[in-house]
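Residues per chain, in single letters:
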Amino acid sequence: MQLVIAEKPSVAQSIAAVLGAKEKKDGFIEGGGYLVSWCVGHLIGLAQADAYGEQYKKWSYEALPILPHDWQYTVAADKGKQFKILKDLMHRADVSEVVNACDAGREGELIFRFVYEVAKCNKPMRRLWISSMEDDAIRQGFASLKDGNEYDALFASALCRAKADWIIGINATRLFSCLYGKTLNVGRVQTPTLKMLADRDAAITSFQKEKYYHVCLDLDDAEAASGKLTAPEEAETLKTACETSQAVCVSVAKERKTVAPPKLFDLTSLQREANKIYGYTAKQTLDLAQALYEKRLLTYPRTDSQFLTDDMGDTAMNTAALLCGKLPFMAGADFTPEIARTLDSKKVSDHHAIIPTAELAKTDLSALPESERNILTLAGARLLFATAEPHTFEAVTAVFSCADTEFTARGKTVLYAGWKDLERRYRATLKAKPDPEDGDGENTLPPFAEGQTFERPAARVTEHDTTPPKPHTEASLLSAMERAGSAETDPDAERRGLGTPATRAAVIEKLVSAGFAEHRGKQLLPTKDGNNLVCVLPDTLTSPQLTAEWENALTQIAKGAADPEGFMQGIEEMTRVLVETYSAVLDDKKDLFREEKPVLGKCPRCGGDVYEGKKNYYCGNRDCTFVMWKNDRFFEERKTAFTPKIAAALLKSGKANVKKLYSPKTGKTYNGTVLLADTGGKYVNYRIELPKKK
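The rules behind these values
- Residues numbered from 1 in each chain as written.
- Predicted model: local features only at pLDDT ≥ 70, side-chain atom pairs only at ≥ 80, totals over all residues.
- Heavy atoms only, no water.
- Helix = DSSP H or I, 4+ residues; strand = E, 2+ residues; numbered from the N terminus.
- Rg over C-alpha atoms; globule rule 2.2 N^0.38 Å.
- Buried < 20%, exposed > 50% of the residue type's maximum accessible area, 1.4 Å probe, protein only.
- Contact = heavy atoms within 4.5 Å.
- Areas by Shrake-Rupley, 256 points an atom, 1.4 Å probe, with all protein chains shown as cover.
- Lys, Arg positive; Asp, Glu negative; His and termini not counted.
- Charge placed at Lys NZ, Arg CZ, Asp CG, Glu CD.
- Pairing = 2+ DSSP bridges.
- Phe/Tyr/Trp six-rings, centres within 6.5 Å; stacked < 30°, edge-to-face > 60°.
- Disulfide = S-S within 2.5 Å.
- Axes fitted to C-alpha atoms, helices over the stretch in contact; angles between N-to-C directions.
- Left-handed = near helix turned anticlockwise from the far one by under 90°.
- Nonpolar A, V, L, I, M, F, W, Y, C, P; charged D, E, K, R; others polar.
- Arc of directions from axis to C-beta.
- Salt bridge = Lys/Arg side-chain N within 4 Å of Asp/Glu carboxyl O.
- Core = buried A, V, L, I, M, F, W, Y, C linked by side-chain atoms within 4.5 Å.
- Polar contact = N/O pair within 3.5 Å; in protein donor to acceptor, adjacent residues only side chain to side chain.
- Parallel < 35°, antiparallel > 145°, perpendicular 65-115°, else oblique.

Visitor: Residue-level account of the overall build of the chain, with values.
Guide: Across its full length, the chain carries 20 helices and 25 strands. Over its C-alpha atoms the chain spans a radius of gyration of 33 Å, topping by over 25% the 26 Å that the globule rule assigns to 694 residues. Summarising its shape, the C-alpha atoms of the chain cover approximately 100 × 90 × 55 Å along the three principal directions. Here the chain holds 694 residues, and 49% of them are scored as buried. Put simply, 72% of the contacts in the chain that link residues at least 6 apart link residues at least 24 apart. Accessible surface for the chain amounts to roughly 34800 Å². Of this, 50% is attributable to carbon and sulfur atoms. Of note, the chain has its 93 positive side-chain charges centred 11 Å away from the centre of its 96 negative side-chain charges.

Below, the structure is given as structure tokens:
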């Protein structure tokens, strides 16, 4: 009997259906001579640093670098049950071989091999390598299973990637956290992403606004503009000269242009578009797409492919027909899908592009939550755009000479709307109208001819300001992450850019949750700590160059053309140099990450600032002994929490109105006024203000 192990339950179900395995058990499906089970993503991972010795439980500079040789593995805390199921299945007497049906890629290989090795399985291993979940593709894949050992080099590259990220992440994070006294998360992907935010923020902050001017001529309902002029006097002089001169058309150029339909969505492009149109964060979009996937309404979302496999033509055609009937904006549209341009198996990696599924036929879209409906509609609209006709237009550029200066008028005439007509229809249905893409409108010029003249044309000066770069949004940051280091990455590398489509959202969320970046509306900005972190780290950790170099090396390892041990030795040496180089902090940077605690009030003894500590409220003046303890017996006897609000009131006016004070004498509660009765001793005293006698 063959044991087939997929990466996810949904993939296992699709495979089981094709293989004829129908009997559902706890954690697997059985039938037709097969056991089909799944991993639920990364079941096994590299153990944390403290698994290598007591000395690593506390973070200290002296314990660095941490460079394991006998690597330890750990089962994900919430996935122990599924690992036990897989281990028991692997060791079942009637299982003769194991088929690795995890995703066709480096990480899929790693997920399976970790389970296979930690379960101490030694049964023959075969490999299913498919990128499409169509029934025929699954059948063909099982008809041509490969020997699992043929993928040993791919596993070696995956293992090197995992170990290298562990070594750099653990050591760099502990190193800089110990040096600066604050948890500073450092990672190969996260840190260069933060650097891109910081660089954009610095460009905006240092931007110097400058004015510039154009002189515009009014010519037969068209406007011809001069180049940029920096001085207002120069612009006024030219304007005056033009008004007493003749404008002559010196050239008219017409060019027919075509805008190809957009490609289908991979996860990153879906996240970008959802951020631009709906303002969803990358994580929100991933969560919504995942929810639709689990409802079987959307194909697998964690993909970096923008094409379907060659065998999906019928599926895509049927889905497009369904969408034409389901999406209101398609009513009355002249549309015949050209599916062929979306099919290319060679450009599909682990998973094909994201499209709605046939489940759409029996789904009432209005019954879905609005956010899910938005994402499903967006993915469906993209399939229709991608299979529509190209958009064609004629661009006209007319150049005029006046007062020895060149003026240009530009026009655009749409010849065939094509896919942009569908996009216009879709955008018209949106509640919030996002900014139209540049140049989408039509601006027809009059029929100018060379040699045509205009006597004493009307002219005017327009004033403009140079504009700073725009702050990053999640959409623009995802694009930047996708492109980062691409120029230095080999064309045949499996991964390009920073992170993967599946991890980029988590990277951004981690920067925000760690306090290094923050959302302001759609904008994504670095915090003070984020800017400071980028400043103190070496270029090797803040540049995408490191990722490009790794990907190039890992690609060679996967081909069997490079030595994994040599790669890991290089990583270890880099880590040793990093720890040796950054052994101390320069004096001017010691307080970079010191937390700015809010001041509660002024000290009644010395006038210094009083701050809140974990257990007390203390004077910041080291020579002063003033301290108010949160667990002071006065408040504990009255069953009242000594809150910062009470402390601030006592510091401000020497008294605080407190509700529900408990009376040990009567056993009842009352509202009263607590007075600060400080006599300058070791402990601060308090008393209840007695009511004044009439």
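Okay, back to it.
Visitor: Let's hear about the sheet that holds strand 9 (residues 146–147): which residues, and what values?
Guide: Pairing is mixed across the open sheet formed by seven strands, whose spatial order is 2-3-4-1-7-8-9. Each having just a single partner strand, strand 2 (23–25) and strand 9 make up the two edges of the open sheet. Looking at chain direction, strand 8 (residues 125–127) and strand 9 are connected through two bridges and run antiparallel. Within strand 9, the residue paired with Arg126 across the bridge is Asp147.

Visitor: Break down the packing of aromatic side chains for me, with residues and values.
Guide: Following the criterion strictly, the structure yields 25 aromatic pairs and no others. Look at Trp129 and Tyr151: their rings are 5.0 Å apart centre to centre, the planes differ by 20 degrees, and that puts the pair in the stacked class. Here the residue Trp129 occupies a position in the loop between strand 8 and helix 4 (135–143), and Tyr151 occupies one in the loop between strand 9 and helix 5 (152–180), the gap between them amounting to 22 residues. Assessed through its relative accessible area of 13%, Tyr151 is described here as buried. Seen from their ring centres, Tyr278 and Tyr280 are 5.3 Å apart, and the 20 degrees between their planes marks the pair as stacked. Using a relative accessible area of 22% as the deciding quantity, one classes Tyr278 as partly exposed.

Visitor: Provide a residue-level description of the state of the cysteines, including the pertinent values.
Guide: In the structure shown here, the tally under the stated rule is zero disulfides. Between Cys402, a free cysteine, and Cys242, which holds the nearest cysteine sulfur, the sulfur-to-sulfur gap is 3.7 Å. Under the relative-accessibility criterion, Cys402 is labelled buried at 0%. No disulfide involves Cys624; its nearest neighbouring cysteine sulfur is the one of Cys603, lying 3.7 Å away.

Visitor: Could you give an account of the packing of helix 8 (residues 267–278) against helix 9 (residues 282–294), naming the residues involved and the relevant values?
Guide: At a minimum axis separation of 9 Å, helix 8 and helix 9 run at an interaxial angle of 115 degrees. Judged by the twist between their axes, the crossing of helix 8 over helix 9 is right-handed. Every residue of helix 9 that contacts helix 8 at Leu267, Leu270, Gln271 and Ala274 is listed here: Ala282, Thr285, Leu286 and Ala289. Its residues assigned to classes, the contact of helix 8 with helix 9 shows six nonpolar, two polar and no charged.

Visitor: Residues and numbers for helix 4, please.
Guide: Those residues of helix 4 that sit buried are Ala137, Ile138, Gly141 and Phe142. An end-on view of helix 4 places all buried positions within 130 degrees of arc, on one side of the element. Residues Gln140 and Ala143 are exposed on helix 4 and point more than 90 degrees away from its buried face. Taken together, the buried residues of helix 4 touch strand 1 (2–6), helix 1 (9–19), strand 4 (34–38) and strand 7 (97–101).

Visitor: For the pattern of salt bridges, give the residues involved together with the corresponding values.
Guide: In this structure the tally under the stated criterion is 44 salt bridges. With a shortest N-O distance of 3.6 Å, Lys182 and Asp529 are connected by a salt bridge. Of this pair, Lys182 sits in the loop between helix 5 and helix 6 (190–205) while Asp529 sits in helix 15 (residues 528–536); the two residues are 347 residues apart in sequence, bridging distant segments of the chain. Classification of Lys182 by relative accessible area gives partly exposed; the value is 26%. Two residues, Glu243 and Lys239, come together in a salt bridge whose shortest N-O distance is 3.2 Å. Taken together, the residues Glu243 and Lys239, both in helix 7 (residues 232–243) and four residues apart, mark about one turn of the helix.

Visitor: Lay out the nonpolar core with the relevant residues and their values.
Guide: One finds Trp166 and Phe567 to be the most contacted residues of the largest nonpolar core, which totals 86 residues. A per-element tally of this core places helix 5 first, with 16 residues. Among all residues touching Phe567, those that are not within four sequence positions of it are Cys160, Ala164, Trp550, Ala553, Leu554 and Ile557. Core analysis: the second largest hydrophobic core is formed by 44 residues, Leu292, Leu323, Ala388 and Trp419 among them.

Visitor: Provide a residue-level description of the environment of Asp609, including the pertinent values.
Guide: Mapped onto the secondary structure, Asp609 falls in strand 20 (residues 609–612). What makes Asp609 partly exposed here is its relative accessible area of 25%. C-alpha of Asp609 to C-alpha of Val599: the two residues are ten residues apart in sequence and 6.1 Å apart in space. Those residues within four positions of Asp609 in sequence are excluded, and the remaining contacts are Val599, Gly601, Lys602, Tyr618, Cys619 and Gly620. A distance of 2.6 Å separates a polar atom in the side chain of Asp609 from a polar atom in the side chain of Lys602.

Visitor: So what about the packing of helix 17 (residues 545–558) against helix 18 (residues 564–581)? Which residues, and what values?
Guide: One can describe the packing of helix 17 onto helix 18 by two numbers: an axis separation of 10 Å at closest approach and a directional angle of 160 degrees. As summarised for this structure, helix 17 and helix 18 are arranged roughly antiparallel, according to the angle between their axes. In this structure, helix 17 contributes Leu546, Trp550, Ala553, Leu554 and Ile557 to the contact, and helix 18 contributes Pro564, Phe567, Ile571 and Met574. In the contact of helix 17 with helix 18, the residues fall into nine nonpolar, no polar and no charged.

Visitor: Before we move on, could you go through the sheet that holds strand 24 (residues 669–677) and cite the residues and values that matter?
Guide: With antiparallel pairing, the three strands of this open sheet are ordered in space as 23-24-25. Single-partner strands in this sheet number two, and they are strand 23 (655–662) and strand 25 (685–688). Geometrically, the sheet is characterised by an average inter-axis angle of 40 degrees between neighbouring strands, direction not taken into account. Alignment of strand 24 against strand 25, held across four bridges, turns out to be antiparallel. Residue pairing across strands places Val674 opposite Ile688, the latter belonging to strand 25.

Visitor: Describe unusual backbone geometry, and please don't skip the residues or the numbers.
Guide: For residues other than glycine, phi is negative in most cases, and the peptide bonds are mostly trans. Residue Pro65 is reached from Leu64 by a cis peptide bond, and omega for that bond is 0 degrees. Inspection of the secondary structure puts Pro65 in the loop between strand 5 (44–46) and strand 6 (73–75). Even without a glycine there, the phi angle at Asp220 is positive, about 50 degrees. Position of Asp220 relative to the elements: it lies in the loop between strand 10 (211–219) and strand 11 (222–225). On the accessibility criterion, Asp220 (43% relative accessible area) is partly exposed. Positive phi, close to 40 degrees, is recorded for Arg456, a residue that is not glycine.

Visitor: With reference to specific residues and values, describe the environment of Lys24.
Guide: Position of Lys24 relative to the elements: it lies in strand 2. Spatially, the C-alpha atom of Lys24 lies 9.6 Å from that of Val36, the residues being twelve residues apart in sequence.

Visitor: Which residues make up the pairing of strand 12 (residues 246–259), and what are the values?
Guide: Here strand 12 runs beside strand 15 (residues 453–455); their pairing, made up of three bridges, is antiparallel. Residue Gln246 lies in a different strand from strand 15, and its bridge partner there is Glu455. Sheet topology places strand 12 next to strand 13 (residues 391–402); eleven bridges connect them, and they run antiparallel. Across the sheet, residue Ser251 finds its bridge partner in strand 13, namely Val399.

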